[in-house]
Amino acid sequence: MRGWGAGAGTGRARGSGRSLQWPRVPVSGPFHCRCPPPPRTHPPPARLLPLPGARRFPPERGSRGNRPGRARRRHGVRGARPGPAAPDDRGLPPVPKMSLWSIVSHMPPEEFSGLFTEFPRSLRCVLADWLENQPWEFVNGSDAFCTSVASGMLSAMLEKLRSAASSNGQQCQILQQVNGIENMYRRDPLRLVSVLRAILDGEKAAVLKRDHHLPLSFHRRQEELKFNMGLQRLQHRVRQIQAQLDGPPASLQEPQLKTEAKASESELSTLILEAVKELEAAKQQVLKRIQIWKRQQQLAGNGAPFEENLAPLQKRCENLVEVHFQLHQQVMGASAELGAELVPRLQERLNEVLSSLVKSSFLVERQPPQVLKTQTKFQASVRFLLGPQLLKALAKPYMVRAEMVTEKQARELALSAYSSTLSESTGEIMHNVVALETNPTSGTCCANFKNVLLKKIKRCERKGSESVTEEKCAVLFSTSVALTTHNLSIHLQVLSLPIVVIVHGNQDNNAKATILWDNAFSEIDRVPFVVAERVPWDKMCDTLNLKFMAEVQTTKGLLKEHYFFLAQKIFNDYSASLEDFQSRSVSWAQFNKEILPGRGFTFWQWFDGVLDLTKRCLKSYWSDRLIIGFISKQYVCKLLSTEPDGTFLLRFSDSEIGGVTIAHVIRGKDGSSQVENIQPFSAKDLSIRSLGDRIRDLGQLRNLYPNTPKDQAFGSHYNKEQTGKDGRGYVSTAIKMTVESERDQHPQSAAGTLPEAPPAPMFNLPMLQPEDLQPVLSPMCPPAPFCPPPVPTGYPTGESSVNMMVTSNLGSSFPSTSPMLSPSLAMDQPLPPCEDLAFRNPLPFMPNQYMTGEASQMLSGGPSPEPRDEEMLELAPLTLMVDPPLQSTQRWLPSMNQPPCSDLDQFLQEMSVEGHPFPPPPQHSGYPSASCWGLGESRWDDSIRPGHA
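All of the points below concern the structure found in this document. All of these numbers come straight from a predicted model, not from anything done at the bench. Sequence order sets the numbering: in each chain, residues are counted from 1 along the sequence as written. The predicted origin of the model limits local features to residues at a pLDDT of at least 70 and limits the giving and counting of side-chain atom pairs to 80 or more, whereas totals for whole chains, interfaces and linings rest on all residues. As a rule here, side-chain values cover all heavy atoms of the structure and leave hydrogens and water aside.

**Considering the pattern of salt bridges**
Now for step 1: One side-chain nitrogen of Lys or Arg within 4 Å of one carboxyl oxygen of Asp or Glu is enough to make a salt bridge. Following the criterion strictly, the structure yields 37 salt bridges and no others.
Now for step 2: Note that glutamate 223 is salt-bridged to arginine 316, the shortest N-O span being 2.8 Å. Linking glutamate 223 in helix 6 (residues 216–246) with arginine 316 in helix 9 (residues 311–333), this pair joins segments that are 93 residues apart in sequence.
Now for step 3: Glutamate 274 is paired through a salt bridge with arginine 237; the nearest N and O atoms lie 3.2 Å apart. Here arginine 237 lies in helix 6 and glutamate 274 lies in helix 8 (residues 266–300), a separation of 37 residues in the sequence.
Now for step 4: Any residue under 20% of the maximum accessible area for its type is buried, any over 50% is exposed, and the rest in between are partly exposed; the area is computed with a 1.4 Å probe on protein chains only. Judged by relative accessible area, glutamate 274 falls into the partly exposed class, the value being 33%.
Now for step 5: For arginine 237, a relative accessible area of 13% corresponds to the buried category.
Now for step 6: Several salt bridges share partner residues, and in doing so they unite Arg689, Asp693, Arg696, Asp697, Glu721 and Lys736 into one network. For helices the rule is a DSSP run of H or I covering at least 4 residues; for strands it is a run of E covering at least 2, with both sets numbered from the N terminus onward.

**Describing the sheet that holds strand 17 (residues 660–667)**
Now for step 1: Strands sit in the order 18-17-16-19-20 across an open sheet of five strands; the sheet is mixed. Every other strand in the sheet has two partners, leaving strand 18 (673–677) and strand 20 (708–709) as the edge strands with one partner each.
Now for step 2: Relative to strand 17, strand 16 (residues 647–652) runs antiparallel, the two being bridged by five bridges. Across the sheet, arginine 651 pairs through a bridge with threonine 661, a residue of strand 17.
Now for step 3: Any two residues whose heavy atoms approach within 4.5 Å at even a single point are treated as in contact. Convention adopted: a line fitted to C-alpha atoms gives each axis, helices being fitted over their contacting stretch, and angles between N-to-C directions are expressed from 0 to 180 degrees. The strands that helix 21 (residues 633–640) touches are strand 16, strand 17 and strand 18; relative to strand 16, the one it contacts most, it runs at about 165°. Should DSSP find at least two bridges between two strands, the strands are taken to pair.

**Side note on the sheet that holds strand 8 (residues 433–435)**
In a beta sheet, neighbouring strands pair by backbone hydrogen bonds and run either parallel or antiparallel.
Now for step 1: The sheet built from four strands is open, its strands ordered 8-6-11-12 with antiparallel pairing. At either margin of the open sheet sits one strand with a lone partner, and together these are strand 8 and strand 12 (488–495). On average, each strand axis in the sheet is inclined to that of its neighbour by 25°, with strand direction left out of account.
Now for step 2: Sheet topology places strand 6 (residues 399–406) next to strand 11 (residues 473–483); six bridges connect them, and they run antiparallel. Residue pairing for strand 11: methionine 404 is matched across the bridge by valine 475.

**Quick look at the packing of aromatic side chains**
Now for step 1: In this scheme Phe, Tyr and Trp rings, the latter by its six-membered ring, pair at centre separations within 6.5 Å, and the angle between planes marks the pair as stacked below 30 degrees, edge-to-face above 60, and tilted otherwise. According to the stated counting rule, one finds 26 aromatic pairs in the structure shown.
Now for step 2: Taken together, a centroid distance of 5.3 Å and an interplanar angle of 55° make the contact between phenylalanine 449 and phenylalanine 477 tilted. Of this pair, phenylalanine 449 sits in strand 10 (residues 444–457) while phenylalanine 477 is found in strand 11, placing the two residues 28 residues apart along the sequence. When sorted by exposure, phenylalanine 449 lands in the same class as phenylalanine 477, which is buried.
Now for step 3: Ring geometry for tryptophan 606 and phenylalanine 630: centres 6.0 Å apart, planes at 75°, overall edge-to-face. A residue pair is termed long-range when its members are at least 10 positions apart, and tryptophan 606 in helix 19 (residues 603–617) and phenylalanine 630 in the loop between helix 20 (619–623) and helix 21 qualify at 24 residues.
Now for step 4: Tryptophan 606 gets classed as buried once you look at its relative accessible area, which sits at 0%.
Now for step 5: In this structure phenylalanine 630 comes out as buried when scored by relative accessible area, which is 0%.
Now for step 6: Only lysine NZ and arginine CZ atoms are considered, and such an atom sits over a ring when it is within 6 Å of the ring centre and within 35 degrees of the ring normal. Against the face of phenylalanine 227 rests arginine 316, its NZ or CZ located 4.5 Å from the ring centre.
Now for step 7: Geometry around tryptophan 606 places lysine 569 over its ring, the cationic atom sitting 4.5 Å from the centre.

In structure tokens, the structure reads:
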């Protein structure tokens, strides 16, 4: 038999003895239907990085209209990314409402050819997602209740189809199909339920086969339909019992209830027992939904989506309590028919249902901070869902107390089902008692803690190598309420999420790691606060992605190439493939206890530094996919080795916490390519001059990898430069960054030493003892005659040049007994002093800056070369150097007569040179160094705050 819809001619309805002639309805679209398909909410992402072995990758360019902060999405699913949703009043987007039909409508129709033998495919398209929002799956049975529900859904579906046909071009054909369905299923609506249930089951199976999961919103909707269906059945059961107790009244409108009201008294106990059983099942469903809400609240601490609205849960609890009151009254009214033995058992079961609902409806709506510092105020709030219904207006409201408990105390409370009381608080909390108040306008009952202060904490014994930042505790909120209707007094207790208490800010990083791990990998309804020590790597990737997008407030998450780099880093394995890492598991020790090889920090400490830097300074760059970020230095060299000169990319520093560096290609004189990494920029550096402006300053940077001109990529991130004078008449200044490449430095001689510089002006230099040099070098060096060599970091040493002049001449000197500096040096005629005080040198004087070529080679810095800065001949910089220790081989200068002098202070006061440019000495690290220059006035240290030279 051929199916209905396109291509179907005649069809015989299953279970009927006649053939029906159905009109052919022209259909189109991806699912062979005329209605437009819903928009895709999962566009495939563009790949940012190739896996090792690929040469290059296309860049993913984000739209400038989709700036971060406008829509904040928190999703942990890797791969396809849904687009940003409209944010709510808190700046967070709602959970995307993806239906089953939105996926099925884009799948090939051949996969569903066997489903539409008894229902037209064209009508399935017209119904769209309305079909899956009906409880077809939960109408089980053939009793009067199920028949009544099925008949109601048939009527609603026919009304929906006729309404859709009025706005469709094929109105006549659709109406003919609708009339055929009505004629076929009006007498047997349960048959329609069975047919449509089979269609939905087939669609779910096809989606599961392809995607291995169904949309989260679909699961939530199905859970709501199940509960509502159970509640309707329970309310129908209560009406049956009431009709049994009251007898069939003359005004009863439901004919089926009139028949059932004539049942014998022996059936009354059966109806009540079934109603109590269904009430207990509905209660379990509500308690499970509350546990899911708590778990989602905990995941929201890592950035997961969270619908924190408690109104639907409160409505469920109130409905069940209302049914409970009705059943309780019916049991008491039928005590004579039920017997003295059955009534107490029913009352006990009903009281247990009420007690469970009341205790479970006491929730922490607003959690206290999970990383809590002592002597710091915080806020929290608890909500009693059944408070507006159960608690009447009292002259003295109930009081809620907040107390700190340890993990051991929390475990004991959980094992006692929160029926015991706390013996001792583990911390002293100020302002910890608040009234439980009911708001009639909003229909809520809450206790708001606004100025709570944790004064001190009493640590408990830790196990093994556990640190204080791994010790978890919680806040216990408790109160006691009296239910006058049942003469019950219930003690309410609820624990907050795990909290790590710190006493100093430097503990914050490790405390956040403990909370992140606990929030991500704890189970529902666990024993406090047990969590797995080892988790699958793919779950860790989802957690890092959630945290990254939540902290940075961006819709651009991590890609699988980023996960590959992170896996190499945390496992210290650079030979495994991406597929190999998918089957591995990562431990807590690897996450934040073990130091990374060759580093001084853990994996989380490094990743948290990247989070902080991106959040503070790089949000827009990351959202526009201008930063590759998570890529190793070795892979960058391989990636850029074949690119033209000036190609660059941005990556996060692998050896420093919270740094971003620029890797770019330069060409040597022999034509060979070299990849250089500029010293990483910290958040402090980027607060002085932004990343976009730094990239604009560097003329050697031309194209963002692979071939995007830098002005096209970063033009919207450039800041407008101020020119002219400001409102006060001052000339505007600007800070510029420069990088000295290795090819711009003087080449070394064949012997490995620097070449001799041209003769420099001579001047008299007194003999200095090492202890005499200490006051001169103390602002820059530790207490030693000469500074130790800097520790190599793998990056070019940052050197900031401050353009300044020193006045006066070197006409006098003083004697010294230093055997090294004993020879006196002749000096040229002194230069005229500079009258502008702005160019005087306020910093300590370095002797080797003014030595002759031979004398200066006594220090490892070598001679000073001739000036090469053609752009600033009038005001060339005086570079401050920190020289390594003296070589063992000493070079002596010819002896000269030294005029006597009193002391070192007089020497420093009199010795100065003006008007002669001194360029920076050559670099010896093999890497370029970055410095910021002030246009027209002086060079500035990139690490100094604006306004401080």
